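# Reading the structure
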Amino acid sequence: MTATIDWSGHISALEGRGFFVLENFLEDGYCNRLIQDFDRRRELGEFQDAGVGASAEVQKKIRQSELIWLDPEDPPDAFGQLLSFIEELQSRLNQQYYMGLKDWEAFYSVYRPGSYYRRHIDNFRGKNRRIITFILYLNQNWEKQKGGQLRIYWDPGKASPSSNPGASGIPESRKEIIVSSENDVLKWQECYLDIEPVAGRLVVFYAPELEHEVLPCFSDRYCITGWLRR
Ligand code: OGA
Ligand code: MN
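Residues numbered from 1 in each chain as written. Chains lettered and ligands numbered in written order. Predicted model: local features only at pLDDT ≥ 70, side-chain atom pairs only at ≥ 80, totals over all residues. Heavy atoms only, no water.

## Looking at the site of ligand 1
Our working rule: The near set for a molecule or strand comprises every residue that places at least one heavy atom within 4 Å of it. Under this definition, polar contacts are N or O atom pairs within 3.5 Å; protein pairs additionally need one hydrogen-donor-capable and one acceptor-capable atom, and for neighbouring residues in sequence, both atoms have to be side-chain atoms. Each accessible area is a Shrake-Rupley estimate made with a 1.4 Å probe; only the visible protein chains count as cover when residues are assessed. Computed over the protein atoms alone on a 1 Å grid, cavities are sets of points where a 1.4 Å probe fits but cannot get out and pockets are open sets with protein on both sides within 12 Å along at least five of seven lines; a residue lines them when it has an atom within 4 Å of a point. Placement in a cavity or pocket follows one criterion, namely that more than half of the molecule's atoms lie within 2 Å of its grid points. Numbering goes from the N terminus for both helices and strands, where a helix is a DSSP run of H or I of at least four residues and a strand is a run of E of at least two. Nonpolar residues are Ala, Val, Leu, Ile, Met, Phe, Trp, Tyr, Cys and Pro. Charged residues are Asp, Glu, Lys and Arg, and all others, Gly as well, are polar.
Lining the immediate surroundings of ligand 1 are 14 residues, of which His 120, Asp 122, Tyr 137, His 212 and Arg 221 lie closest. His 120 places a polar side-chain atom, nitrogen or oxygen, 3.1 Å from an oxygen atom of ligand 1. Taking His 212, its side chain carries an N or O atom lying 2.9 Å from an oxygen atom of ligand 1. For ligand 1, the accessible surface in isolation is 290 Å², of which the surrounding protein chains cover 99%. In this structure, ligand 1 is accommodated by the largest pocket. Elements represented by at least two residues in the shell around ligand 1 include exactly β4 (103–111), β5 (117–120), β6 (130–137), β12 (212–214) and β13 (221–229). The biggest single contributor to the shell around ligand 1 is β13, with three residues. Here the residues of the shell around ligand 1 sort into eight nonpolar, three polar and three charged.

Okay, here's the thing in structure tokens:
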């Protein structure tokens, strides 16, 4: 898988617009194995309510989801492919931009029906070490009416991702099609972009700047979320 990744294209998208999306990063079989592992650990009662901010306080009006932190010393088998990807991403970003990324943290994340995560930034005012966010979705047969889209906001006042405003005043990059595959076509709606949490889709973004939210979902929604840290 890693061999076919267009690293230079994705890394320049990360620099230019703050994120990139990879389709079919993980095959269905692996996604299913991960979901089985989620469910097994859920039965063991390992999930906890996710918190918010530096203190990780649980605030249900802002964030409703459950998680299990992964042990970086002993990651699950089915996590291997994602692990090689983030290690390679880390070394490339360190070489190219001297980012000084040192390690990663990640968790299994489940949103139950009715759950959401309001608009936020993962590393608000540099309060933590999180620099690059990665999210791998695992939901087979996901449909739009199940909600749970990852909504990425873009502040038109900022230079990125709008590069050169065209004659109409609409920046060229807003017309850009981010991904076009059999799953979906991703493009900007004015100042946001909705990303369906479909199995195998991997989203990577720059944590200190990118505002995002998880829209309310109506079905169990599974993903692995994590950060490369400084
Ligand atoms: C987060 C987050 C997005 C998602 O956990 O900080 O924004 O799609 N998750 O689950
Ligand atoms: Mn987030």
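## Some remarks on the pairing of strand β10 (residues 192–195)
Heads up, the rule is: To sort residues, take the accessible area from a 1.4 Å probe on protein chains only and compare it with the maximum for the residue type: under 20% means buried, over 50% means exposed, and anything in between is partly exposed. For two strands to be treated as a pair, DSSP must find no fewer than two bridges joining them.
With burial as the criterion, only one face of β10 is covered, namely that bearing Leu 193 and Ile 195; the residues Tyr 192 and Asp 194 on the opposite face remain uncovered. The pairing of strand β7 (residues 150–153) with β10 spans four bridges and is classified as antiparallel. Opposite Leu 150, over in β10, you have Ile 195 as the bridge partner.

## Looking at the confidence of the model for the protein chain
Applied cut-off: On a range of 0 to 100, pLDDT expresses the predictor's confidence in each residue. Whether two residues are in contact is decided by their heavy atoms, any of which lying within 4.5 Å being enough.
In this model, the protein chain carries an average pLDDT of 88, and 90% of its residues clear a pLDDT of 70 or more. Contacts of residues 159–170 to residues separated by more than four positions or lying in other chains number 23 contacts, the stretch itself having pLDDT below 50.

## Description of the nonpolar core
General note: in soluble globular proteins, nonpolar side chains tend to be found buried as a group. Cut-off, in case you're wondering: Remark: nonpolar core denotes a set of buried residues (Ala, Val, Leu, Ile, Met, Phe, Trp, Tyr, Cys) joined through side-chain atoms within 4.5 Å.
In terms of nonpolar packing, the biggest core is built from 41 residues, with Leu 82, Phe 85, Leu 89 and Ile 132 touching the most fellow members. If you list the elements that add at least two residues to this core, you get α1 (7–17), β1 (19–22), α2 (28–43), α3 (80–97), β4, β6, β11 (202–206) and β13. No other element matches α3, which puts six residues into this core. Leaving out residues up to four positions away in the same chain, Leu 89 has contacts with Trp 7, Ile 11, Phe 20, Ile 132, Val 204 and Leu 228. With 17 residues, the next largest nonpolar core counts Phe 19, Ile 135, Leu 193 and Leu 210 among its residues.

## Remarks on the pattern of salt bridges
Definition in use: Here a salt bridge means any side-chain nitrogen of Lys or Arg lying within 4 Å of a carboxyl oxygen belonging to Asp or Glu.
Under the criterion given, the structure shown has 14 salt bridges. Two residues, Asp 37 and Arg 40, come together in a salt bridge whose shortest N-O distance is 2.8 Å. On the criterion of helical spacing, the pair formed by Asp 37 and Arg 40 is a turn pair, its members being three residues apart in helix α2. For Arg 151, the salt bridge identified is with Asp 194, shortest N-O distance 2.7 Å. Of this pair, Arg 151 sits in strand β7 while Asp 194 sits in strand β10, placing them 43 residues apart in sequence. A relative accessible area of 17% places Arg 151 in the buried class.

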